[in-house]
Amino acid sequence: MDSTAPAKTRLLSLDALRGFDMFWIIGGDALFRSVAEVTNWGWARAWAGQLEHVEWAGFHFYDLIFPLFMFISGVAIPFSLLAKAETAADKRPIYLKLVKRALLLVFLGFIYNHLTDLQFASQRYASVLGQIGLAYLFAALIMLNVRSLKGRLAVLGGILLGYAAVQLLIPVPGVGAGVLTPAGTINGWVDRLLLPGRLYDKIFDPEGILCILSATSVTLMGGLAGLVLKSGKFAVYRKTLILAASGVGLTTLGYVLGTWYPIIKKAWTATFDIYAAGLSFILLALFYLVVDVWKLQKWSFPLRVIGMNSITIYLGTRMVDFEYTSKFWFGGLARLSGAAGVLVLEAGAIAIEWLVLYFLFKKNVFLRV
């Protein structure tokens, strides 16, 4: 989750894809669910169903939002971190910055989870931001210290196979091995044993300790995708083809393996990592082709404004009541719109959020972590 100021070498497609991802987090999901409720259109009801997390095993579009974000953060590693490491005589400042970044995101995750309430016994310490920060740290360390492609693929395979072995083969006391249920999964047992405070789902946390280790694989796969985009060996269409083919292959593999080792987002099963990363590869290939290869960029500007200040708006929607502001400005119009008034208010909240980000964009203000 890394937002930096614009640069000449910046991949506009990456900002647009990050903005596309954030759009659903900052209100796009609620807007389209309301469209389904107001209109009862078939396509809207079908899409609204995709904007809810599955209860446990399975996969909806909404389950892609978080891993896609982690994948995108990994794509940036070769362009920022590895580029600096190649020219640095002393790499210690790079490692120090990585650790500081991870710890800052963990702390911001505490803030997001209401650390300011000062109720430490019931504080939730696991968080989305913390998982992003720690998984990025681990993936970046791998990319920095394992220099060959074969070595990086071997580490990736080791993470996925090792995590699968932990989930399927190590017995949970009183339950047994390979019981992939909310109460039976080893993820929950480790979280209950080691995580202080409150767990998100009481008996386990979807951003818990083992989930962070598993999610590192998604960030690392993003890093490998970034190597493809940064490579000077491939023409742009070949890069697109490699990304797309990798995505189709991974998605197929995750789906097939998922028939016996379920795709579970809340437990970050290895099949979920593979499947979600495959879809992320496909989306990256599409955005890269349209925005950076075909240069069809004007349509993506609203998304890029969101994507370039992702941390700002993620924290902002937690700390600022944009719904109240929307009611202040658009409440009258919503009342006159009857049943469609909810659409007016939700669209208004998104518009206000975007205008705040646009103001920051024009002032060249970007929250860097």
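Above this text is the structure in question.
The paragraphs below set out a description of the structure included in this document. (Residues numbered from 1 in each chain as written. Predicted model: local features only at pLDDT ≥ 70, side-chain atom pairs only at ≥ 80, totals over all residues. Heavy atoms only, no water.)

## Remarks on the overall build of the chain
No. 1: Helices and strands together make up the secondary structure of the chain, namely 15 helices and 0 strands.
No. 2: Since a compact globule built from 369 residues should have a radius of gyration of about 21 Å, the 21 Å found for the chain is in line with a globular shape.
No. 3: Within the chain, the fraction of its 369 residues that count as buried is 51%.
No. 4: Long-range contacts, defined here as pairs at least 24 residues apart, represent 72% of the contacts in the chain between residues at least 6 apart.
No. 5: In the chain, the 33 positive side-chain charges and the 21 negative ones have mean positions that sit 11 Å from each other. (Helix = DSSP H or I, 4+ residues; strand = E, 2+ residues; numbered from the N terminus. Rg over C-alpha atoms; globule rule 2.2 N^0.38 Å. Buried < 20%, exposed > 50% of the residue type's maximum accessible area, 1.4 Å probe, protein only. Contact = heavy atoms within 4.5 Å. Lys, Arg positive; Asp, Glu negative; His and termini not counted. Charge placed at Lys NZ, Arg CZ, Asp CG, Glu CD.)

## Comments concerning the packing of aromatic side chains
No. 1: Scanning all chains against the criterion turns up 26 aromatic pairs.
No. 2: Centroid distance F20 to W24: 6.0 Å. Interplanar angle 85°. Geometry classified as edge-to-face. Residue F20 and its partner W24 are located together in helix α1 (residues 12-39), separated by 4 residues, close to a single helical turn. For the residue pair F20 and W24, the accessibility class agrees, reading buried in each case.
No. 3: Considering the side-chain rings of Y358 and F361, the 6.5 Å spacing of their centres and the 20° angle between planes classify their relative orientation as stacked. Taken together, the positions of Y358 and F361, both in helix α15 (residues 341-362) and 3 residues apart, correspond to about one turn of that helix.
No. 4: By relative accessible area, which is 23% here, F361 ends up partly exposed.
No. 5: Looking at R101, its charged tip hangs above the ring of Y136, at a distance of 4.0 Å from the centre. (Phe/Tyr/Trp six-rings, centres within 6.5 Å; stacked < 30°, edge-to-face > 60°. Lys NZ or Arg CZ within 6 Å of the ring centre and 35° of its normal.)

## A few points about the pattern of salt bridges
No. 1: Taken as a whole, this structure holds 7 salt bridges when the rule is applied.
No. 2: For R33, the salt bridge is made with D29, and the minimal N-O distance between the two is 3.5 Å. Here the residue R33 and the residue D29 both occupy positions in helix α1, the gap between them amounting to 4 residues, near one helical turn.
No. 3: When salt bridges that share partners are traced, they join R124, D205, E207 and K265 into one network. (Salt bridge = Lys/Arg side-chain N within 4 Å of Asp/Glu carboxyl O.)

## Let's talk about α15
No. 1: Between its first and last C-alpha atoms α15 spans 31 Å; for 22 residues at 1.5 Å apiece the expected length is 32 Å, and the two agree.
No. 2: Listed in full, the buried residues belonging to α15 are G341, L343, V344, G348, A349, I350, I352, E353, L357 and L360.
No. 3: Residues of α15 that are buried in the fold lie against α1, α12 (301-307), α13 (310-319) and α14 (322-336).
No. 4: Note on α15: the residue one or two positions beyond its end, N364, has a positive phi of about 60°. (Expected span 1.5 Å × (residues − 1).)

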